[in-house]
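Architecture and fold: a report
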Amino acid sequence: MANRPVWWPWPSPPAAGLRVPHLQVRDLGDRARVEVDPALVSRTVALPALGEVLAAAGFAGLPHQVEPFRSGRLNTES
């Protein structure tokens, strides 16, 4: 289902080693978008286990992008 937010039940994925107050993964159909606090985008992109964590969450085989979290984002996207 497109644009379905997926929430981890923890403050951040346990394999990542980061404490991320705002973490959301959106299923955009053909890709997944990881949204984290703006200050943590570059650190999240650099995580070697990010693909594995996403696969374990049900996003295996989908390309992903990491972008800043912004509340209400889908309300303004077309």
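Coordinates for the structure precede this section.
Notes on the structure follow. On a predicted model such as this, the values are computed, not experimentally measured, just so you know. (Residues numbered from 1 in each chain as written. Predicted model: local features only at pLDDT ≥ 70, side-chain atom pairs only at ≥ 80, totals over all residues. Heavy atoms only, no water.)

**Quick word on the pairing of strand β2 (residues 23–27)**
Here is the key point about a regular strand: its side chains alternate between the two faces of the sheet. Note the following rule: A simple rule labels every residue: compare its accessible area, found with a 1.4 Å probe on the protein chains alone, to the largest value its type can have, and call it buried under 20%, exposed over 50%, or partly exposed in between. Strands are runs of DSSP state E lasting at least two residues, helices are runs of H or I lasting at least four, and both sets are numbered from the N terminus onward. Two strands are said to pair when DSSP picks up at least two bridges between them.
By the criterion of burial, β2 is predominantly enclosed, with five of the five residues buried. Across the two faces of β2 the burial is the same, with L23, V25 and D27 and Q24 and R26 all buried. Pairing of β2 with strand β3 (residues 32–36), which is carried by five bridges, proceeds in the antiparallel orientation. Bridge pairing in β3 places D27 opposite A32. In this structure, the hairpin formed by β2 and β3 is closed by a connection of four residues, where G29 is found at a positive phi of approximately 90°.

**Some thoughts on the environment of V45**
With respect to the secondary-structure elements, V45 resides in helix α1 (residues 41–45). Between the C-alpha atom of V45 and that of V66, which follows or precedes it by 21 residues, the distance is 6.3 Å.

**What about the pattern of salt bridges?**
When their charged atoms lie close together, side chains carrying opposite charge are able to pair. The condition that has to hold: A carboxyl oxygen of Asp or Glu within 4 Å of a side-chain nitrogen of Lys or Arg is what we treat as a salt bridge.
With the rule as written, the count across this model stands at three salt bridges. The residue D30 makes a salt bridge to R31 at a minimum N-O spacing of 3.2 Å. R31 sits in the partly exposed class, given a relative accessible area of 29%. Residue R33 pairs with E35 through a salt bridge whose shortest N-O separation is 2.8 Å. Each of the two residues, R33 as well as E35, counts as buried. Shared partners join several salt bridges into a network, and the residues in it are R26, R33 and E35.

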